[in-house]
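Coordinates in review
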Amino acid sequence: LLDELPIEARGFKSNLAVGEESFANVKGGDFRLVENSPAIDAGRDLSERGVATDATGKPRPLGAQFDIGAYEY
């Protein structure tokens, strides 16, 4: 959780700095995305690397494109 990206991570659409409001319950360790999170549909297509599901087994992508992070919204 950052206010801005480190310089090494800038310049890539799929790298975002988001706050706690983008996740279900950060303090409780629940990093599932919530409605209107900027990470939804902002990730890279990782199917070439064998990524077909999220951390809970949901198919990826569920929306227009992959979500950023371990969980699809």
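Residues numbered from 1 in each chain as written. Predicted model: local features only at pLDDT ≥ 70, side-chain atom pairs only at ≥ 80, totals over all residues. Heavy atoms only, no water.

Re the overall build of the protein
For the record, the criterion: In DSSP terms, a helix is any run of H or I states spanning at least four residues, a strand is any run of E spanning at least two, and both are numbered starting from the N terminus. Throughout this description, buried means an accessible area under 20% of the type-specific maximum (1.4 Å probe, protein chains only), exposed means over 50%, and partly exposed covers the range between. Contact between two residues is taken to exist if any of their heavy atoms lie within 4.5 Å; hydrogens are not considered. Note on areas: these come from Shrake-Rupley sampling with a 1.4 Å probe, and a residue is covered only by the protein chains present in the view.
A tally of helices and strands in the protein yields zero helices and two strands. Across the 73 residues in the protein, those meeting the buried criterion constitute 25%. Partitioning the contacts of the protein with sequence separation of at least 6, the portion at a separation of at least 24 is 30%. Carbon and sulfur atoms form 50% of the exposed surface of the protein, whose accessible area is close to 5100 Å².

Overview of unusual backbone geometry
Backbone torsion omega between Arg60 and Pro61 reads -10 degrees, so that peptide bond is classified as cis. Along the polypeptide, Pro61 turns up in the segment after strand E2 (30–33). We note that Asn36 has phi near 75 degrees; this positive angle belongs to a residue other than glycine. Its location among the elements puts Asn36 in the segment after E2. Here Asn36 falls in the exposed class, since its relative accessible area comes to 70%. We note that Asp41 has phi near 60 degrees; this positive angle belongs to a residue other than glycine. When its relative accessible area of 26% is taken as the criterion, Asp41 is described as partly exposed.

Let's talk about the packing of aromatic side chains
Inclusion rule: Pairs were defined over the aromatic rings of Phe, Tyr and Trp, the Trp ring being its six-membered one, requiring ring centres within 6.5 Å. Orientation was assigned from the angle between planes: stacked under 30 degrees, edge-to-face over 60, tilted for the rest.
Under the definition given, this model contains one aromatic pair. With a centroid separation of 5.6 Å and 75 degrees between ring planes, the pair formed by Phe23 and Phe31 is classed as edge-to-face.

With respect to the environment of Arg60
We count it as follows: Pairs of N or O atoms within 3.5 Å make up the polar contacts considered here, provided that, within protein, one atom can donate a hydrogen while the other can accept it, and that residues adjacent in sequence are counted only when both atoms are side-chain atoms.
Counting through the fold element by element, Arg60 comes out in the segment after E2. For the pair formed by Arg60 and Tyr73, sequence separation is 13 residues and the distance between their alpha carbons is 9.8 Å. With residues up to four places along the chain from it excluded, the contact list for Arg60 reads Val51, Ala52, Thr53, Asp54, Phe66, Asp67, Gly69, Ala70, Tyr71 and Glu72. Of the polar contacts made by the side chain of Arg60, one reaches the backbone oxygen of Gly69; its length is 2.9 Å.

Describing the environment of Leu33
Structurally, Leu33 can be placed in strand E2. Apart from the residues within four sequence positions on either side, Leu33 is in contact with Ser22, Phe23, Ala39, Ile40, Asp67, Ile68, Tyr71 and Tyr73.

Structural notes on the pairing of E2
Definition in use: A pair of strands is considered paired only if DSSP assigns at least 2 bridges between the two.
Alignment of strand E1 (residues 23–25) against E2, held across two bridges, turns out to be antiparallel. For Asn25, the partnering residue across the bridge sits in E2 and is Asp30. In sequence, E1 turns back onto E2 through a hairpin of four residues, with Gly29 there showing a positive phi of about 80 degrees.

These figures capture arrangement, not role.
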